[in-house]
Amino acid sequence: MAILELNIDKRLKPILEKVSDPEIPVLSILQMGVVRSAHLFDGKVIVKITPTYSGCPAMDVIGEDINKAMEENGYKSKVELVLSPAWTTDWITEKGRNALAKYGIAPPLDALADKAALLDNKKIVKCTNCGSTNTIVVSQFGSTACKALFKCEDCKEPFDYFKCLK
Amino acid sequence: MNSSLYKYILGVADNCLILGQRLGELCGHGPNLETDIACTNISLDLFGQVRSYYQYAAKVAGDNRTEDDIAMLRPEREYVNVLLVEQPNTDFAFTIVRQFLFDVYHYLFLNELQKSKDETLHAIARKSSKEVSYHLRFSSDWIKRLGDGTEESHNKMQNAFNELWKYTDELFHLTDADLDMISQGIAVDTRGLKGEYYSIITEVIEEAKLKTPDLKYFQKGGKLGVHTEHFGYLLSELQYMQRAYPKMQW
């Protein structure tokens, strides 16, 4: 993550911090780890973003939102999509993970725990409503491709779990 | 233009487009809400991947064609997907067996494509393989659940395996463009994946208490543009909007 932060021009950071993921509005695209780099070249801003999932419909909107935010701050900008290196859930920052949980989406576990939770029905995903780990998978795919649907057996609340992508 | 590379990209990409279209047909028609959402999410992943491939193909073609032209405006004989992915959603057993038979291949294939000397294909493969590992988990899970389920679900699954098995061998056929790209270190020599493919499948089939079909005859043709009778219908639905309202934008 530290390496990624270095690639973002300090003057542009506060602007990008205000652009959110349209599917998860509590999370900025920086916390999400979607911005690969942002630089100023001859007065023009070039922002490189990477998709979380290949078919993520939010990418087009994120691109438009970045351009709009830059324009409001007097910058001309261009958004480029890069595929490599591929995005991983490890790039979601600590603040981002906390924001996810507060919003009602359980943040991703590490790869092994993720597999155990999704495939072997191990009860380790924490309910975002009551904090219990007495939870079960309802569906491996949830409201978007990046999430799975869980249900808490204690408080009976359904919730989303952000799947680990490595 | 590098015509072997262009053809090779389409050979990889068309499988994603056509399977994505088949899964998309289930939007709002899945057997229950969760499988409906899963199938359409997998479809979305495949469409995302196919965009990356077609954008690259358009660049390789070097003329005015766009990713949309490639997806929407080719005649039937120019699509080079394997016959397996165009088979219809006869019932959920067919949908999930088709998915499983393709997912195992797709997963092994993308692992190898990450070794390609072509940087773009390497990057798309890395990105996609993460997604496809989830597809494979999903379909394997359902094979076991339904194969080892009730008598009716067991019989339906066995029937779907028996019917779709003849389309599996084509996954490992190579065209002239494939061979050309293999010799340059760009393409995957799929012949080398065949052993592992059938062994993974057999393992899951056995766990699901099903029988591996014993078949000597296999169907082929899709990779050369010769499709099954289902394909025209699929294509007319896929292309309708662009044919009726050329250059229409969403």
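Attention in this report is confined to the structure presented alongside it. Quick caveat: nothing in here was measured; it's all calculated off a predicted structure. (Residues numbered from 1 in each chain as written. Chains lettered and ligands numbered in written order. Predicted model: local features only at pLDDT ≥ 70, side-chain atom pairs only at ≥ 80, totals over all residues.)

## Observations concerning the interface of chain B and chain A
Thought 1: Contacts between the two partners involve 20 residues from chain B and, on the opposite side, 17 residues from chain A.
Thought 2: Elements supplying a minimum of two residues to the side of chain B that touches chain A: α2 (33-61) and α6 (119-147) of chain B.
Thought 3: Taken together, the residues of the side of chain B that touches chain A sort by class into eight nonpolar, five polar and seven charged. (Contact = placed C-beta atoms within 7 Å. Helix = DSSP H or I, 4+ residues; strand = E, 2+ residues; numbered from the N terminus. Nonpolar A, V, L, I, M, F, W, Y, C, P; charged D, E, K, R; others polar.)

## Things to note about unusual backbone geometry
Thought 1: In this structure, the amide linkage connecting S84 of chain A to the following residue, P85 of chain A, adopts the cis form with an omega of -5°.
Thought 2: Position of P85 of chain A relative to the elements: it lies in the loop between β5 (76-81) and α5 (94-103).
Thought 3: Phi is positive for D42 of chain A, close to 50°, though the residue is something other than glycine.
Thought 4: Locating D42 of chain A in the fold gives a position in the loop between β3 (35-41) and β4 (44-49).
Thought 5: Note on D42 of chain A: 5 C-beta atoms within 10 Å, which makes it exposed.
Thought 6: Of note in this structure, K247 of chain B is not a glycine but carries a positive phi near 65°.
Thought 7: Structurally, the position occupied by K247 of chain B is in the segment after α10 (231-244).
Thought 8: By C-beta crowding, K247 of chain B is classed as exposed, having 7 other C-beta atoms within 10 Å. (Buried ≥ 20, exposed ≤ 12 C-beta atoms within 10 Å, placed from the backbone.)

## Thoughts on the sheet that holds strand β9 (residues 158-162) of chain A
Residues and elements named next belong to chain A.
Thought 1: Read across the open sheet, the four strands follow the order β6-β9-β8-β7; overall the sheet is mixed. The two strands at the open ends of the sheet, each matched to only one other strand, are β6 (105-106) and β7 (135-139).
Thought 2: As judged from the five bridges shared by strand β8 (residues 147-152) and β9, these two strands associate in the antiparallel manner. Looking at β9, one finds that F150 is bridged to F159. (Pairing = 2+ DSSP bridges.)

## Some points on the sheet that holds β4 of chain A
Residues and elements named next belong to chain A.
Thought 1: Reading across the sheet, the three strands line up as β3-β4-β5 and stay open at both edges, with mixed pairing between neighbours. Because the sheet does not close on itself, it has two edges, and the strands there are β3 and β5. Within the sheet, the average angular offset between the axes of one strand and its neighbour, ignoring direction, is 15°.
Thought 2: As defined by bridge partners, β4 adjoins β5 across six bridges and the pair is classed as parallel. Across the sheet, residue V47 finds its bridge partner in β5, namely V79.
Thought 3: Helix α4 (residues 58-72) contacts β4 and β5 of the sheet and is inclined by roughly 160° relative to β5. (Axes fitted to C-alpha atoms, helices over the stretch in contact; angles between N-to-C directions.)

Interpretation in functional terms is not warranted from these geometric data alone.
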